[in-house]
Amino acid sequence: MTTPPPGLRERKKQATREALRAAALRLAMEHGPDRVRVEDIAEAAGVSPRTYNNYFASREQAIVSAVTADREARIAAAVAARPEEARLAEAVTEAVVEQYTDAGEGGHEALLFITTRPALRHAFLDSTAGIEPPLSAVIAERLGDTGAPTARVLAASVAAAVRIALEGWLRPAGEDAGAGGSFDAGGLVVPVGALSDRLRAALAPLVPAFDAAERRVQP
């Protein structure tokens, strides 16, 4: 299925979103996230605070968005682009791993900045919930089962698995491996193991559910 190019209105909205997230990250890194106001971000992006509020619910969300940058939409697009004969579980796993391990230009510095500040760390982990809506739509289309809750359940499970993988990977220094990380402490965060391995391990328990869903809709 070919997706039509976005219209002028959508392109303007995307440009505004990109300007806001870039301004938020730049100001936060220059002055510290606690010293940046929504009004400062809006002014730097050339829009009003009211317009800002149409795009982001908080300062932290805007800053983190500079790193996550429509990742959820790219995950869904990557799954949709996989051949129809490819296993859905494999398509989802590879899309998630690819998008979460490609930090992009300047992404590693920004990620380090975010993961060493508790409020931003929380917002970064919370951003995984955004995976569910676009991924649910793609899964439903792949299964040809848009009326059932199966796609939503699977997509929500993927979002939860990704969060769990990130929580394990971004473990505050000195925290026990079996402890439930609150991420409330500031300072050093120690990435534990390869993120790709953690993502695959967290998603592995979902493979039987994906396979069963595909079997139910096969002719």
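Since the structure is predicted, the reported quantities are computational estimates derived from the model, not experimental observations. (Residues numbered from 1 in each chain as written. Predicted model: local features only at pLDDT ≥ 70, side-chain atom pairs only at ≥ 80, totals over all residues. Heavy atoms only, no water.)

**Here's the deal with the environment of Arg50**
To be explicit about the condition: By the criteria applied, helices consist of DSSP H or I runs no shorter than four residues and strands consist of E runs no shorter than two, each listed in order from the N terminus.
With respect to the helices and strands, Arg50 occurs in helix 3 (residues 49-55). Taking the C-alpha atoms as reference points, Arg50 and Val38, separated by 12 residues in sequence, lie 9.7 Å from one another.

**Here's the deal with helix 2 (residues 38-45)**
Note the threshold: Note on classification: 1.4 Å probe, protein chains only; a residue is buried when its accessible area is under 20% of the maximum for its type, exposed when over 50%, partly exposed between these limits. The arc in question is the one spanned by the directions pointing from the helix axis to the C-beta atoms. In this description, contact between two residues means that some pair of their heavy atoms is separated by no more than 4.5 Å.
Among the residues of helix 2, those classed as buried are Ile41, Ala42 and Ala45. Considered in projection along helix 2, the buried side chains sweep an arc of 95 degrees and stay on one side of the axis. The inward-facing, buried residues of helix 2 contact helix 1 (8-31), helix 3 and helix 4 (59-68). Among the residues trailing helix 2, Gly46 stands out with phi positive, at a value near 80 degrees.

**Regarding the nonpolar core**
Note the cut-off: Each nonpolar core is a collection of buried residues, namely Ala, Val, Leu, Ile, Met, Phe, Trp, Tyr and Cys, held together in the definition by side-chain atoms within 4.5 Å.
Among the nonpolar cores identified, the biggest contains 59 residues, and Val96, Tyr100, Ile139, Val158 and Phe210 are the most heavily contacted of them. Here this core gets 10 residues from one element, more than from any other, and that element is helix 10 (residues 150-169).

**Brief notes about unusual backbone geometry**
Even without glycine at this site, Ala69 takes up a positive phi of about 35 degrees. The exposure class of Ala69 is partly exposed, given its relative accessible area of 22%.

**Considering the packing of helix 1 against helix 2**
Note the cut-off: Think of each axis as a best-fit line through the C-alpha atoms, taken over the contacting stretch in the case of a helix, with angles from 0 to 180 degrees between the N-to-C directions. Note on terminology: angles under 35 degrees are roughly parallel, angles over 145 are roughly antiparallel, angles of 65 to 115 are roughly perpendicular, and the others are oblique. By definition, turning the near helix anticlockwise from the far helix through less than a right angle yields a left-handed crossing, and turning it clockwise yields a right-handed one. Note on residue categories: nonpolar means Ala, Val, Leu, Ile, Met, Phe, Trp, Tyr, Cys or Pro, charged means Asp, Glu, Lys or Arg, and polar means any other residue, Gly included.
Remark: helix 1 packs on helix 2, axes separated minimally by 8 Å, with the N-to-C direction vectors making an angle of 125 degrees. It follows from the interaxial angle that helix 1 and helix 2 lie oblique. Crossing handedness for the pair helix 1 and helix 2: right-handed. Between helix 1 and helix 2, the contacting residues are Ala19, Leu20, Ala23, Ala24, Arg26 and Leu27 on the first element and Asp40, Ile41, Ala42, Ala44 and Ala45 on the second. Considering only residue class, the contact of helix 1 with helix 2 consists of nine nonpolar, no polar and two charged.

**Thoughts on the confidence of the model for the protein**
Let me state the cut-off plainly: Looking at any residue, its pLDDT shows the predictor's confidence there, from 0 to 100.
Taken residue by residue, the protein gives an average pLDDT of 86. The fraction at 70 or more is 84%. Within the protein, strand 2 (residues 189-191) has the poorest average pLDDT of any element, 58, and helix 2 the best, 95.

**Side note on the layout of surface pockets**
The condition that has to hold: We place a 1 Å grid over just the protein atoms. Points where a 1.4 Å probe fits but has no way out form a cavity, open points with protein on both sides within 12 Å along at least 5 of 7 lines form a pocket, and any residue with an atom within 4 Å of a point lines it. Grid points are joined across faces, edges and corners, and a volume is the space filled by probe spheres set on the points.
In this structure, the second largest pocket spans a volume of roughly 290 Å³. In terms of lining residues, the second largest pocket is bounded by 13 residues, among which Gln61, Ser65, Thr68, Glu72 and Ser127 are the most central. Only helix 1, helix 4 and helix 8 (118-126) provide two or more residues apiece to the lining of the second largest pocket. At four residues, helix 4 tops the list of elements feeding residues into the lining of the second largest pocket. Across the lining of the second largest pocket, the residue classes break down as three nonpolar, five polar and five charged.

**Points about the packing of aromatic side chains**
Applied cut-off: Stacked, tilted and edge-to-face pairs are distinguished by plane angle, under 30 degrees for stacked and over 60 for edge-to-face with tilted covering the rest, among Phe, Tyr and Trp rings (Trp via its six-membered ring) whose centres lie within 6.5 Å. Note on geometry: a ring has a charge over it if NZ (lysine) or CZ (arginine) is within 6 Å of the ring centre and within 35 degrees of the ring normal.
Counted under the stated rule, the structure contains one aromatic pair. Arranged with centres 6.0 Å apart and planes meeting at 50 degrees, the rings of Tyr52 and Phe56 form a pair that is tilted. Take Tyr52 and Phe56: they sit in the same class, and that class is buried. Over the ring of Tyr100 we find Arg71, and its NZ or CZ is 4.1 Å from the ring centre.

**Focus: the side chain of Thr68**
Structurally, Thr68 is set in helix 4. Excluding its chain neighbours within four sequence positions, the residues that come into contact with Thr68 are Arg74, Phe124 and Ser127.

**Quick look at the side chain of Glu214**
Note the following rule: In this tally, Lys and Arg are treated as positive and Asp and Glu as negative; His is ignored, and so are the chain termini. Any Lys or Arg side-chain nitrogen located within 4 Å of an Asp or Glu carboxyl oxygen qualifies as a salt bridge.
Residue position: Glu214 is located in helix 12 (residues 207-217). Put simply, Glu214 is tucked away with no salt bridge, and the nearest opposite charge, on Arg142, sits 4.9 Å away.

**Here we look at the packing of helix 9 (residues 132-143) against helix 10**
Relative orientation of the contacting elements helix 9 and helix 10 amounts to 135 degrees, with a least axis distance of 8 Å. If you check the angle between helix 9 and helix 10, you find them oblique. In the packing of helix 9 onto helix 10, the handedness of the crossing is right-handed. Between helix 9, through Glu132, Leu135, Ser136, Ile139, Ala140 and Leu143, and helix 10, the contact on the second element is made entirely by Thr150, Ala151, Arg152, Leu154, Ala155, Ala156 and Val158. Counted by class, the contact of helix 9 with helix 10 contains nine nonpolar, two polar and two charged residues.

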